[in-house]
Amino acid sequence: AAWRATVLTLFPDMFPGPLGASLAGRALTGGLWALETRDIRASATDRHRSVDDTPAGGGPGMVLRADILAAAIDAAAVAPDRPRLLMSPRGRPLTQARVLELAAGPGPLIVCGRFEGIDQRVIEARALEEVSIGDYVLSGGEIAAMALIDACVRLLPGVMGKQASGTEESFSAGLLEYPQYTRPQEFEGRQIPEVLISGDHAKVAAWRLAQSEALTAARRPDLWAGKADRTKKATDG
Ligand code: ADE
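Residues numbered from 1 in each chain as written. Predicted model: local features only at pLDDT ≥ 70, side-chain atom pairs only at ≥ 80, totals over all residues.

- In the annotation of an unreviewed UniProt entry, the protein is listed under the name tRNA (guanine-N(1)-)-methyltransferase and assigned to Bradyrhizobium jicamae.
- The UniProt entry for the protein carries this comment under Subcellular location (unreviewed entry): "Cytoplasm". (UniProt positions renumbered as here; feature names shortened; annotations may be inferred.)

**A look at the sheet that holds strand S7 (residues 117-118)**
- Read across the open sheet, the three strands follow the order S3-S4-S7; overall the sheet is mixed. At either end of the open sheet lies a strand with only one pairing partner, and these are strand S3 (52-53) and S7.
- Looking at chain direction, S3 and strand S4 (residues 63-64) are connected through two bridges and run antiparallel. Bridge assignment links Asp-53 to a residue of S4, and that residue is Val-63. (Pairing = 2+ DSSP bridges. Helix = DSSP H or I, 4+ residues; strand = E, 2+ residues; numbered from the N terminus.)

**Quick notes on the sheet that holds strand S2 (residues 33-39)**
- In spatial order, the strands read S2-S1-S6-S5-S8; together these five strands make up an open sheet with parallel pairing. Each end of this open sheet is capped by a strand with a single partner; those strands are S2 and strand S8 (129-132). Strand after strand, the sheet turns through a mean of 35° between neighbouring axes, direction not considered.
- In this structure, strand S5 (residues 84-93) lies alongside strand S6 (residues 109-112), joined through four bridges in parallel fashion. Across the sheet, residue Met-87 finds its bridge partner in S6, namely Cys-112.
- Across the face of the sheet, helix H5 (residues 142-153) comes into contact with strand S1 (3-9), S2, S5, S6 and S8 while running at roughly 155° to S6. (Axes fitted to C-alpha atoms, helices over the stretch in contact; angles between N-to-C directions. Contact = placed C-beta atoms within 7 Å.)

**Section: the site of the ligand**
- The environment of the ligand is formed by Met-87, Ser-88, Pro-89, Gly-113, Ser-132, Ile-133, Gly-134, Tyr-136, Val-137, Leu-138, Gly-141 and Ala-144.
- Sort the elements by how many residues they give to the shell around the ligand and S5 lands first, with three residues. (Near = placed C-beta within 6 Å.)

**A look at the confidence of the model for the protein**
- Scored by pLDDT, the protein has a mean of 94; 92% of the residues are at 70 or more.
- Across the assembled chains, the prediction reports ipTM 0.99 with pTM 0.94. (pLDDT = per-residue confidence, 0-100.)

**Thoughts on the environment of Pro-80**
- On the secondary structure map, Pro-80 appears in the loop between helix H2 (66-76) and S5.
- Residue Pro-80 is classed as exposed on the basis of its 5 C-beta neighbours within 10 Å.
- When the C-alpha atoms of Pro-80 and Arg-208 are compared, they prove to be 44 Å apart, with 128 residues separating the residues in sequence. (Buried ≥ 20, exposed ≤ 12 C-beta atoms within 10 Å, placed from the backbone.)

**Considering the nonpolar core**
- In terms of nonpolar packing, the biggest core is built from 40 residues, with Leu-69, Ile-110 and Ala-145 touching the most fellow members.
- The set of elements that each furnish at least two residues to this core consists of S1, helix H1 (22-29), H2, S5, helix H3 (96-104), S6, helix H4 (120-125) and H5.
- Sort the elements by how many residues they give to this core and H5 lands first, with seven residues.
- Ala-145 has contacts with Val-7, Met-87, Ile-110 and Cys-112, leaving out every residue within four places of it along the chain. (Core = buried A, V, L, I, M, F, W, Y, C linked by C-beta atoms within 7 Å.)

**A word on the UniProt feature "binding site: S-adenosyl-L-methionine" (unreviewed entry) in the protein**
- The feature "binding site: S-adenosyl-L-methionine" (unreviewed entry), as given by UniProt, occupies Gly-113, Ile-133, Gly-134, Asp-135, Tyr-136, Val-137 and Leu-138 in the numbering adopted here.
- Relative to the helices and strands, Ile-133 resides in the loop between S8 and H5.
- Residues contacting Ile-133, with those up to four places away along its chain left out, are Leu-94, Ala-144, Ala-147 and Leu-148.
- Structurally, Asp-135 is set in the loop between S8 and H5.
- A tally of 7 C-beta atoms within 10 Å means that Asp-135 is categorised as exposed.

**Overview of unusual backbone geometry**
- Residue Pro-16 is bonded to the preceding Phe-15 through a cis peptide linkage, with omega at 0°.
- Relative to the helices and strands, Pro-16 resides in the loop between S1 and H1.
- Even without a glycine there, the phi angle at Ser-22 is positive, about 55°.
- Mapped onto the elements of the fold, Ser-22 is located in helix H1.
- In this structure Ser-22 comes out as exposed when scored by C-beta crowding, with 11 C-beta atoms within 10 Å.

Below, the structure written as structure tokens:
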């Protein structure tokens with residue numbers, strides 16, 4: 001497979017996990033992408049295979065050692081053109097724009113954080129790009145890595161069929177998706193909106209855009225402000 005994710009983790013048994021099912025799983029079996037999982041603990045040096053130690057300066061929890069993680073990264077021997085990511089709640093928030101870039105490239109090395117943190121020096125020395133999947137704290141980077149990989153894999157050539165990219169286009173344009181309906185025509189007294197069964201494609205498109213805009217303005221003022229900015233810039237020339 002051309003696109004590959006190399007995952008460094010203390011819990012290799014978590015993979016492929018959900019990435020082995022459904023769309024991503026079928027694409028994995030079909031050779032449309034590859035998953036390489038590497039156990040950070042394999043780079044431990046002492047008899048007890050320890051990978052962490054107490055934080056300098058004191059405080060609770062344990063910190064992943066710089067030397068062990070650096071050895072694990074180096075042993076993975078990933079090509080220098082591949083992005084090196086560290087899943088972390090203090091990373092830059094993942095966006096669909098970054099997902100599109102990652103899917104278009106050779107595929108990332110992804111370090112999954114654990115414990116209270118990772119020695120800052122290895123983040124700097126191996127130029128790890130910290131990536132967050134949202135403003136909440138997971139118990140480790142593994143589920144975050146799976147979310148990132150899933151978002152990339154569904155964009156790879158041949159993974160999705162024709163249904164590919166309506167949602168991408170609207171999301172990338174900074175809008176939330178409009179509501180969808182299917183049969184039955186009536187559900188618990190609720191009807192499918194008239195316009196959708198009118199057969200007037202222009203009216204349907206206009207209704208969907210209006211719905212997307214209203215939803216975005218109500219739920220995501222951050223996205224809505226960004227969209228307004230871009231429209232203004234485009235209009236201003
Ligand atoms: N590890 C723990 N929480 C995380 C988050 N929100 N995003 C990415 N990695 C994480």
